[in-house]
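Structural overview for review
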Amino acid sequence: MLTVTGLVRHFQAMHSGSVPVRAVDGVSFTLADGELVGLTGESGCGKSTLARTLLRLVEPTSGTVELDGTQVTALSRSGLRKFRPRMQLISQDPESAFNPRNKIGESVAEPFRVLHGVSLKKAIEMSEDYLSMAGFDMELVERYPFELSGGQIQRAAVARALACRPSLIVADEPTSSLDPSAQAQIAQTFQRINSEHGISLLWISHDLPLLSCVCDRIAVMHAGKIVECGPPGDITIRPVHHATRSPTDIMSATLSDRPPVGVLNEEFYRESQYRAARDSSGTTVRPQNTYSPFTGLQTDDKTRSRHT
Ligand SMILES: Nc1ncnc2c1ncn2[C@@H]1O[C@H](COP(=O)(O)OP(=O)(O)O)[C@@H](O)[C@H]1O
Ligand SMILES: [Mg+2]
């Protein structure tokens, strides 16, 4: 069970005089064991920062995160290192999470070598079950990451996350760089691991129709806050907040000949244009994605921004 209470992460932009970016601005929610919750919202609303903050890949400004009775936000560095396998991140760009010099089978076997101290040969044997659970074609284990398709690497990433025996997986736009058939396969894999292994899953995506098909609940984020949360039917049929209306309207616009989204949702569009202009002026920066599931190693965002 995951309980997030009043989570905040602000970034102080490097440019003097500019206001801090309230990327995550007081988020509270729970995720039951084995529950699959979708998180959606427009670009820049803070979804990735929320994902990284609740896994403590980015330190929160304030707020608490509790997973299975452990206060994640109170863990010491060494405590966090030990706890890290229990909460796994799957990113949009899984290739960056694999060492390009290691064969994919070796990388997926890494959790067993690190966590159980077994030989590489034994670790590779132990990882086979997880690779098949994630739908990875065993004939590809000798390949290097650059020799695999996006969908194949993403399945290897899922296998490696599963090998850590997590109780929580956060998947940040795991299908957005994949073609539709690979997207569907990954979606099925997530549904299966969620129902068969009781792993709680927070799935971040722009694709509201997809989330509606697979999730128990959907949360909608806007400007660092969760503005709506409920069963998919409530979100797609009776959207309450304007941030929800954009993807919903895109979906209905493609289903019937409704007016373009901009007409239906001017407020959202004005805001996203403002955000795009602010991003291109360079006052905000995006985190680089170099993530390891054991160390949580990532590009140090202190080099680009200061924790407020
Ligand atoms: N390391 C950082 N330093 C400064 N600003 C950041 C940093 N990471 C994210 N941001 C800003 O926080 C906001 C939310 O970003 P992000 O969480 O990536 O949104 P989303 O994933 O919803 O697109 C954006 O305005 C972004 O520019
Ligand atoms: Mg993001």
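Here we come to the overall build of the protein. What the protein contains, in helices and strands, is 11 helices and 11 strands. In the protein, which comprises 308 residues, the share counted as buried stands at 39%. Taking all contacts inside the protein whose residues are at least 6 apart in sequence as the whole, residues at least 24 apart take part in 65%.

We now examine unusual backbone geometry. Of note, the phi angle at Glu 173 is positive, near 50°, even though the residue is not glycine. With respect to the element layout, Glu 173 can be found in the loop between strand 7 (168-172) and helix 6 (180-197). Here the phi dihedral of Ala 223 falls at roughly 50°; this positive angle occurs in a residue that is not glycine. Using a count of 16 C-beta atoms within 10 Å as the deciding quantity, one classes Ala 223 as partly exposed.

Below, the discussion takes up helix 6. The first and last C-alpha atoms of helix 6 sit 25 Å apart over 18 residues, in line with the 26 Å expected at 1.5 Å per residue. The complete set of buried residues in helix 6 reads Gln 183, Ile 186, Ala 187, Thr 189, Phe 190, Ile 193 and Asn 194. Along the long axis of helix 6, the arc covered by the buried residues comes to 160°, so they all point the same way. Opposite its buried face, helix 6 presents the exposed residues Pro 180, Ser 181, Gln 188, Ser 195 and Glu 196, each directed more than 90 degrees away.

Reading across the sheet, the six strands line up as 6-7-8-3-9-10 and stay open at both edges, with mixed pairing between neighbours. Among the strands making up the open sheet, the edge pair consists of strand 6 (87-90) and strand 10 (225-230). If you compare each strand with its neighbour and ignore which way they point, the axes differ by 20° on average. With five bridges joining them, strand 9 (residues 217-222) and strand 10 adopt antiparallel strand pairing. Pairing of Met 221 across the sheet is with Ile 226, part of strand 10.

The residue Asn 102 is located in the loop between strand 6 and helix 3 (104-116) in this model. Sequence spacing of Asn 102 and Arg 143 is 41 residues, and the spatial spacing of their C-alpha atoms is 8.6 Å.

Let us now look at the packing of helix 3 against helix 5 (residues 150-163). At a minimum axis distance of 8 Å, the contact between helix 3 and helix 5 shows a crossing angle of 15°. The angle between helix 3 and helix 5 falls in the class roughly parallel. The two elements helix 3 and helix 5 meet at a crossing, and its hand is right-handed. Only Ala 156, Ala 159, Arg 160 and Ala 163 of helix 5 make contact with helix 3, whose side of the interface consists of Ile 104, Ser 107, Val 108, Pro 111 and Phe 112. Of the residues in the contact of helix 3 with helix 5, the class split is seven nonpolar, one polar and one charged.

Moving on, we get to the nonpolar core. Grouped together as the largest cluster of nonpolar side chains are 68 residues, with contacts concentrated most on Ala 159 and Trp 203. Top element by residues in this core is helix 5. It accounts for eight residues. In contact with Ala 159, other than residues within four places in its own chain, are Val 108, Ser 127, Tyr 130, Leu 131, Met 133, Ala 134 and Phe 136.

With that settled, consider the environment of Ile 235. Within the secondary structure layout, Ile 235 lies in helix 8 (residues 232-237). Accessibility expressed as a C-beta count within 10 Å gives 26 for Ile 235, which makes it buried. Remark: the alpha-carbon pair of Ile 235 and Ser 212, spanning 23 residues in sequence, is separated by 8.6 Å.

Okay, the confidence of the model for the protein next. For the protein, the average pLDDT comes to 79, and 76% of its residues sit at 70 or higher. Scored below 50 in pLDDT, residues 250-308 makes 76 contacts in the model with residues more than four places away or belonging to other chains.

A few words now on the packing of helix 3 against helix 4 (residues 120-133). At their nearest, the axes of helix 3 and helix 4 sit 8 Å apart, and the two run at 105° to each other. Here helix 3 is positioned roughly perpendicular relative to helix 4, judged by the angle of their axes. Along the contact surface, helix 3 presents Gly 105, Glu 106, Val 108, Ala 109, Phe 112 and Arg 113, while helix 4 presents Leu 120, Ala 123, Ile 124, Met 126, Ser 127, Tyr 130 and Leu 131. Split by residue class, the contact of helix 3 with helix 4 holds nine nonpolar, two polar and two charged.

Burial analysis of strand 3 (residues 36-40) places five of its five residues in the buried class, the great majority of the element. Of the two faces of strand 3, the one holding Leu 36, Gly 38 and Thr 40 and the one holding Val 37 and Leu 39 are both buried throughout. Pairing geometry for strand 3 and strand 9, over four bridges, is parallel. Note on strand 9: the bridge partner recorded for Gly 38 is Ile 218.

Right, let's get into the pairing of strand 7. The buried count for strand 7 comes to five of five residues, which makes it a mostly enclosed element. Judged by which residues are buried, strand 7 turns out to be covered on both faces: Leu 168, Val 170 and Asp 172 on one side and Ile 169 and Ala 171 on the other are all buried. Relative to strand 7, strand 6 runs parallel, the two sharing four bridges. Counted as the bridge partner of Ile 90 is Ala 171 from strand 7. Where strand 7 meets strand 8 (residues 200-204), five bridges bridge the pair, whose relative direction is parallel. Residue pairing across strands places Ile 169 opposite Leu 201, the latter belonging to strand 8. Following the backbone out of strand 7, through helix 6 and into the adjacent parallel strand 8, one traces a crossover that is right-handed.

About the thresholds
- Residues numbered from 1 in each chain as written.
- Chains lettered and ligands numbered in written order.
- Predicted model: local features only at pLDDT ≥ 70, side-chain atom pairs only at ≥ 80, totals over all residues.
- Helix = DSSP H or I, 4+ residues; strand = E, 2+ residues; numbered from the N terminus.
- Buried ≥ 20, exposed ≤ 12 C-beta atoms within 10 Å, placed from the backbone.
- Contact = placed C-beta atoms within 7 Å.
- Expected span 1.5 Å × (residues − 1).
- Arc of directions from axis to C-beta.
- Pairing = 2+ DSSP bridges.
- Axes fitted to C-alpha atoms, helices over the stretch in contact; angles between N-to-C directions.
- Parallel < 35°, antiparallel > 145°, perpendicular 65-115°, else oblique.
- Left-handed = near helix turned anticlockwise from the far one by under 90°.
- Nonpolar A, V, L, I, M, F, W, Y, C, P; charged D, E, K, R; others polar.
- Core = buried A, V, L, I, M, F, W, Y, C linked by C-beta atoms within 7 Å.
- pLDDT = per-residue confidence, 0-100.
- Right-handed = clockwise from strand over helix to strand, strands pointing away.

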